[in-house]
Amino acid sequence: MQQENQFNTEKLNDASINLREELEKYAYYWKWFLLGLIISIGLMFTYLRYVSNLYEVSTTILIDDKDYGRLTSELSAFEDLGLLGNNKTSLDNEIELLKSRNLIERVVKDLGINVTYYDKGKIKNPEMFQELSPIKLNFFSGDAAFYKVDTVFSVLIQSPTNFTLKNGEEERVSDHVFGENVRTSFGDFTITPMLVDGLKEEREIVIRISSLQNVIDRYRSQIQIRLVNSYSSVILLTLKDPVKLKAQAILNSLVAQYNNDAVEDKSIIAKSTEKFINDRLTIITEDLTSVDKGVEAFKTTNKLTDIASEASFISKSNAAIEGKILDLNTELNLVNYMTDYISSTIEGLIPANLGLKDASVSQNTLKYNELVLERNRIFKSSSALNPVIVNLDAQISQFRKSILQSLENYTSVLTISLNDVMQQEVRINSKITNVPKQEREYRDIQRQQQIIETLYLYLLQKREENAISLAVTLPNAKIIDKAYGSNIPVAPNRRMYYLVALVAGILVPFGILYLLFLLDNKVQTRKDVELVVKAPMLGDIPRSKTEEKVVVSDIDRSSIAESFRLLRTNINFMLSGVKEPSKTIFVTSTISGEGKTFVSINLSSVFALSSKKVLLIGSDIRNPKITDYLKLKGNKGLTHFLMDDQLKVSDVIEPVSDYGFDMIHSGLVPPNPSELLMNGRFGEVIAYAKQHYDYIIVDTSPINLVTDTLLLNEYADLFIYVIRANYMDKRMLEIPKLMYEEKRLPNMAVLVNDTNYEKVYGYGYGYAYGYTYHEKAKNKWSKENLLNKIKKY
């Protein structure tokens, strides 16, 4: 169990190390991330600087709905007259009505928002609404053709009285005077000034005329309507627009248009009842006048003055019966009037609240009128083929038949009752034998007069009640809060946009680097080598910041010089098993360009600094570079010795006095290098060197290109295999791996060259332990440097 916990701890440590390595790998390119952040935030700042802000405007209204509480008003005192109604309004239907094209079309036409004005700017054209615009466009025709126009033009103000008209391509069209009739392909119009202070010279106003249908579709999609919650009839309307005043005007106009429609719909019943009552009053007035004239003629002919006192005792006995006859006749006449009206009116509303005593007729009449109103309201935003309209038409027809049948039945009942009462009257009248004929005739005339007069007064009362109902018609929506919007824009969300820019500024460089790392198949660190090649690792040489090929001297304390000193120590450790006083070190690589000659020269220099005699041999006779690196002109070199048996080894050795070691350069490039190296003369060179030098460093040919190095491996005490970072393909690591595993290179060790320490290990890490940086910083502000700078300026 303890071993398992230890294993898990090691895995966690490895994971943390790997994570840190990955972070450091990306941290080396911190300038990329800084540049990405600067660019992304700069672009986002520019975008937000010129993008139009959106302001949210909202208004709340309370819908008159039976289920959630109707509008309270001081007019509730009239409810006993049955004038305010109790119709249930479907909230879903009301929301659809608020979003209807017909309603929004009237809003667009009322506000004229199909014509928009913009103040021409260098980059951004801010919109100006109504009184903020210095000019106003007036079309002579407001017909359907005008509302189909979709165009853009601009007005360039030349003076308080003149302007220039430009088309959408910014081409000068014509010069005009304010108020002048302008003829164009899309109609005649005039432009009048609104703000004298705004008529600045060379100020350009862009005018966009949009088609009515496009504006309606845009605002239908932008206006959001929803219930505040499911337990109330409060509706919230919101609109987002770059101009807050414009959004407020649109919402306020929308609610006003909706209320106007609701009031107009509710007034239809009252107007229809008013017409019916006025028609009846005209007829009854004529009848009443005729009866009054009949009474006057009867009294004049029969010379009667006070018929009532003479027949008082008969009237007392017949009062009750006459009252019944009067009521029944009045009721019967109302039923007949209703029947005639319904028969002559096919689709209109039926007068309500006429005082019929039959409850079924009154209830059916109210339900019939509700259905007709609902059908008319839905028909405004629909068609006759709508299933809802078809269903309502069927219900209306059924109710009409039911009302007619109820009236017919009620007429029969009233007729029977009237006949009954009249028979009772006949029985009483038969008992009055002494009543003069004139009294009986007058009574008939008086009865007709009372019937007509009672009906006349009743209709007058109903006309006044209907007038009150028409005057107190309530809107369908009560405004709780008028359209209001904050001065703080809701879009764009600057914090979110800057957060996106911040993330993009990090992710884009990260993504690019990730792809570069993913596609990178070069050796970067010694760890890349150690994963494949299991040979001993001598160390790594950091990247040189100078063009000098020899970077090691007795006073140099740079990181690369220290790395060669450390390499010298590691080499001595690797050669500790060699008993001979002279050591032979071969330096090779996989391909050309990996720095084996650079390593060989500086390794010779660092060994020479330790007071050792060092001989550098350039055995890469195919592509010699030692003389170029040392900037020397060699005389005779290794190839001369290998080809000329008369030459001695000492004849081709040249001292390099500047660096304290001797060398045998490669010489001429022969046509047969492999054969020359195999002729045995190279062994003489090694034998001579072992007698006279402490260290023999041989710069050999690349392993992967030629076989020269393998021909000489028997002379080596140590093989330094140079692998250049960020140069050698990782797939080629199989070559040193094979060489080590098959022991084709004796005592082989690996050296990684040209390592970028700041990139691989982090900034400031190196063999000098910060000495060089601190020394430079210290010397930068030394007294001598300050004096030199003063003299320079």
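Definitions and cut-offs
Residues numbered from 1 in each chain as written. Predicted model: local features only at pLDDT ≥ 70, side-chain atom pairs only at ≥ 80, totals over all residues. Heavy atoms only, no water. Helix = DSSP H or I, 4+ residues; strand = E, 2+ residues; numbered from the N terminus. Buried < 20%, exposed > 50% of the residue type's maximum accessible area, 1.4 Å probe, protein only. Contact = heavy atoms within 4.5 Å. Areas by Shrake-Rupley, 256 points an atom, 1.4 Å probe, with all protein chains shown as cover. Pairing = 2+ DSSP bridges. Core = buried A, V, L, I, M, F, W, Y, C linked by side-chain atoms within 4.5 Å. Axes fitted to C-alpha atoms, helices over the stretch in contact; angles between N-to-C directions. Polar contact = N/O pair within 3.5 Å; in protein donor to acceptor, adjacent residues only side chain to side chain.

A. Examining the overall build of the protein chain more closely. A count of helices and strands for the protein chain gives 25 helices and 21 strands. Taking all 793 residues of the protein chain together, 43% fall into the buried category. Summarising the internal contacts of the protein chain: among those between residues at least 6 apart in sequence, 77% fall at separations of at least 24. Summed over all atoms, the accessible surface of the protein chain reaches about 43800 Å², with 54% contributed by carbon and sulfur.

B. Layout of the side chain of serine 600. Tracing the backbone through its elements, the reader meets serine 600 in helix H15 (residues 596-609). Note on serine 600: relative accessible area 0%, which makes it buried. Apart from residues no more than four positions distant in its own chain, serine 600 is found in contact with Val587, Leu616, Ile697 and Asp699.

C. Up close: the pairing of strand S19 (residues 695-699). Within S19, 5 of the 5 residues are buried, which leaves it mostly tucked inside the rest of the structure. Bridging between strand S15 (residues 583-589) and S19 involves 5 bridges; their strand directions are parallel. Bridging from a neighbouring strand, valine 587 pairs with aspartate 699 of S19.

D. Quick look at the nonpolar core. Membership of the largest hydrophobic core comes to 54 residues, with the highest contact counts inside it found for Ile135, Leu137 and Ile207. The leading source of residues in this core is helix H6 (residues 244-302), at 7 residues. Formed by 41 residues, the second largest nonpolar core is a distinct cluster that contains Ile653, Phe682, Ile686 and Leu733.

E. Expanded view of the sheet that holds strand S13 (residues 477-485). Read across the sheet, 4 strands follow the order S11-S12-S1-S13 without closing on themselves; strand pairing throughout is antiparallel. The open sheet terminates on both sides in strands that have one partner only, identified here as strand S11 (224-227) and S13. Taking the axes of each pair of neighbouring strands and ignoring which way they run, one obtains an average angle of 15° across the sheet. Here 4 bridges tie S11 to strand S12 (residues 234-241), and the two strands are oriented antiparallel to one another. By the bridge assignment, arginine 226 is partnered in S12 with leucine 236. Here helix H3 (residues 91-98) sits on the sheet and contacts strand S1 (55-63), S11 and S12; the angle it forms with S11, its principal contact strand, is near 165°. Strands S11 and S12 of the sheet are contacted by helix H5 (residues 212-222), whose axis makes an angle of about 120° with S12.

F. Structural view of the pairing of strand S20 (residues 718-724). Counting buried positions along S20 yields 6 of 7 residues, so the element is predominantly enclosed. Relative to S20, S15 is paired through 5 bridges, and the arrangement is parallel. Directly across from threonine 588, in S20, lies its bridge partner tyrosine 721. Bridge count between S20 and strand S21 (residues 748-755): 6 bridges; the pairing is parallel. Across the sheet, arginine 724 pairs through a bridge with asparagine 753, a residue of S21.

G. Geometry of the environment of threonine 164. Its place among the elements puts threonine 164 in strand S6 (residues 162-166). On the accessibility criterion, threonine 164 (0% relative accessible area) is buried. Spatially, the C-alpha atoms of threonine 164 and glutamate 204 are 9.2 Å apart, while their sequence positions differ by 40 residues. Here the side chain of threonine 164 touches glutamine 158 through a polar contact of 2.8 Å, side chain to side chain.

H. A look at unusual backbone geometry. Cis geometry marks the peptide bond from alanine 491 to proline 492, where omega comes out at 0°. If you trace the backbone, proline 492 turns up in the loop between S13 and helix H12 (494-519). Residue asparagine 726 is not a glycine yet carries a positive backbone phi of 55°. Considering the arrangement of structural elements, one finds asparagine 726 in the loop between S20 and helix H22 (734-741). The phi dihedral of asparagine 747 falls on the positive side, at around 50°, and the residue is not glycine. Considering the arrangement of structural elements, one finds asparagine 747 in the loop between H22 and S21. Looking at asparagine 747, the relative accessible area reads 32%, which means it is partly exposed.

I. How the structure looks around the sheet that holds S20. Across the sheet, 8 strands lie side by side as S14-S21-S20-S15-S19-S16-S18-S17; this open sheet has mixed pairing. Edge positions in the sheet fall to strand S14 (537-542) and strand S17 (654-656), since each of these pairs with one other strand and no more. Each strand of the sheet is rotated relative to its neighbour by a mean of 25°, with strand direction disregarded. The pairing of strand S16 (residues 614-618) with strand S18 (residues 661-664) spans 3 bridges and is classified as parallel. Looking at the pairing, leucine 615 lines up with aspartate 662 of S18. Contacts from helix H14 (residues 559-574) reach S14, S15, S19, S20 and S21, with the element oriented near 170° to S14. On top of the sheet, helix H20 (residues 681-692) reaches S15, S16, S18 and S19; it is set at about 150° to S19, its chief contact.

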